[in-house]
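Chain residues, written in single-letter form:
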Amino acid sequence: MKTSNALLLILVLLYINASTEWPTHTVCKEDNLEIYYKSCDPQQDFAISIDHCSDITTHTFNVRAAAVLSHSIKELYVKLDMIINGKTILTYSETLCGPGHPKLIFCGMKKGEHFYYEGPVTLGIKEIPQGDYTLSAKLTNQDHVTVACADFTVKNYLDYY
């Protein structure tokens, strides 16, 4: 009896693991700007939000982000792809943590620790590109393991002029 219960539990856990798809979350939604995201890591979801979409256009805005780390961060690399109509038209990558790079608050965190950040973020761009597109973001650590990843859907109809 115990063996059959254990086997049933294992099968249920395997099924849940194989069929997990995270929900689409809303970062912000206003008249002319909507941003949504969905975790592309089958093992982990995370949370990110901003108060108002319009704050993004000020170049520095407040953000809240939280996750439980599934991998330690000694070094951290980000890769961003801008995708329009299924085609990658722009790729950007940068080292966020590591030798010779600025120490961010999450550098050096260990697997299982809770990451939480609430504060200002500066994008370093003058305008958010207009139109409908996807920004695919992937964070990897020193072992080339995915720490977090998400696909952001942007619908921007702001008039900058």
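All of these numbers come straight from a predicted model, not from anything done at the bench.

The rules we used
- Residues numbered from 1 in each chain as written.
- Predicted model: local features only at pLDDT ≥ 70, side-chain atom pairs only at ≥ 80, totals over all residues.
- Heavy atoms only, no water.
- Disulfide = S-S within 2.5 Å.
- Helix = DSSP H or I, 4+ residues; strand = E, 2+ residues; numbered from the N terminus.
- Buried < 20%, exposed > 50% of the residue type's maximum accessible area, 1.4 Å probe, protein only.
- Pairing = 2+ DSSP bridges.
- 1 Å grid on protein atoms, 1.4 Å probe; cavity = no way out; pocket = protein on both sides within 12 Å on 5 of 7 lines; lining within 4 Å.
- Points joined across faces, edges and corners; volume = space filled by probe spheres on them.
- Nonpolar A, V, L, I, M, F, W, Y, C, P; charged D, E, K, R; others polar.
- Axes fitted to C-alpha atoms, helices over the stretch in contact; angles between N-to-C directions.
- pLDDT = per-residue confidence, 0-100.
- Contact = heavy atoms within 4.5 Å.

Trainee: Got a minute to help me understand the state of the cysteines in this structure?
Mentor: Cysteine pairs can be linked by a disulfide, which is a covalent bond between their two sulfur atoms. Tallying each qualifying case throughout the model produces three disulfides. Disulfide pairing places C97 opposite C107 at an S-S distance of 1.9 Å. On the sign convention where negative is left-handed, the bridge of C97 and C107, at about -80 degrees about the S-S bond, is left-handed. You can see C97 sitting in strand 6 (residues 87-97) and its partner C107 sitting in the loop between strand 6 and strand 7 (114-122), a full 10 residues away along the chain. By relative accessible area, C97 is classed as buried at 0%. The buried category is assigned to C107, whose relative accessible area is 10%.

Trainee: Help me understand the pairing of strand 2 (residues 33-39), please; the structure alone is not making it clear to me.
Mentor: Each regular strand carries side chains that alternate between the two faces of the sheet. With six of seven residues buried, strand 2 is to be regarded as a mostly interior element. Across four bridges, the pairing between strand 1 (residues 25-29) and strand 2 is antiparallel. Across the sheet, C28 pairs through a bridge with I35, a residue of strand 2. Pairing of strand 2 with strand 9 (residues 146-156), which is carried by seven bridges, proceeds in the antiparallel orientation. Each residue of the ladder has a partner; that of L33, found in strand 9, is N156.

Trainee: Honestly, empty space enclosed by the protein in this entry has me stumped. Any pointers?
Mentor: Regions of empty space are outlined by a rolling probe, equal in size to a water molecule, passed over the atoms. In this structure the tally under the stated criterion is two cavities of 30 Å³ or more. In this structure, the largest cavity occupies an estimated 40 Å³ of space. I56, T57, H59, L123, I125, K126, E127 and I128 are the residues that line the largest cavity. Along the lines of polarity and charge, the residues of the lining of the largest cavity split into four nonpolar, two polar and two charged. Estimated volume of the second largest cavity: approximately 30 Å³. Forming the walls of the second largest cavity are S39, D41, Q44, D45, F46, V147, A148 and C149.

Trainee: What is the right way to look at the sheet that holds strand 7 in this model?
Mentor: Hydrogen bonds between backbone groups are what pair the strands of a sheet, and the pairing can be parallel or antiparallel. With respect to topology, three strands assemble into an open sheet ordered 3-4-7, the strand pairing being antiparallel. Of all the strands in the sheet, just strand 3 (47-50) and strand 7 have a single pairing partner and so form its edges. Strand-to-strand twist in this sheet, taken as the mean axis angle between neighbours without regard to direction, amounts to 15 degrees. Judged from the nine bridges that link them, strand 4 (residues 60-68) and strand 7 form a sheet pairing that is antiparallel. Along strand 7, the bridge assignment pairs R64 with E118.

Trainee: Help me out: how do you make sense of unusual backbone geometry in this one?
Mentor: Negative phi is the rule for most residues except glycine; trans is the rule for most peptide bonds. Positive phi, normally seen in glycine, also occurs at N85, with a value near 50 degrees. When you line up the elements, N85 lands in the loop between strand 5 (76-84) and strand 6.

Trainee: It is not clear to me how the confidence of the model for the protein should be interpreted in this structure. Could you clarify?
Mentor: Keep in mind that low pLDDT regions are not for reading the predicted coordinates in detail. A residue-level look at the protein finds 86% of positions with pLDDT of 70 or above and a mean pLDDT of 83. The lowest-confidence element of the protein is helix 1 (residues 2-19), averaging 46 in pLDDT; the highest-confidence one is strand 5, averaging 94. Confidence drops under a pLDDT of 50 for residues 1-16, and excluding neighbours within four residues, the segment shows zero contacts in the predicted structure.

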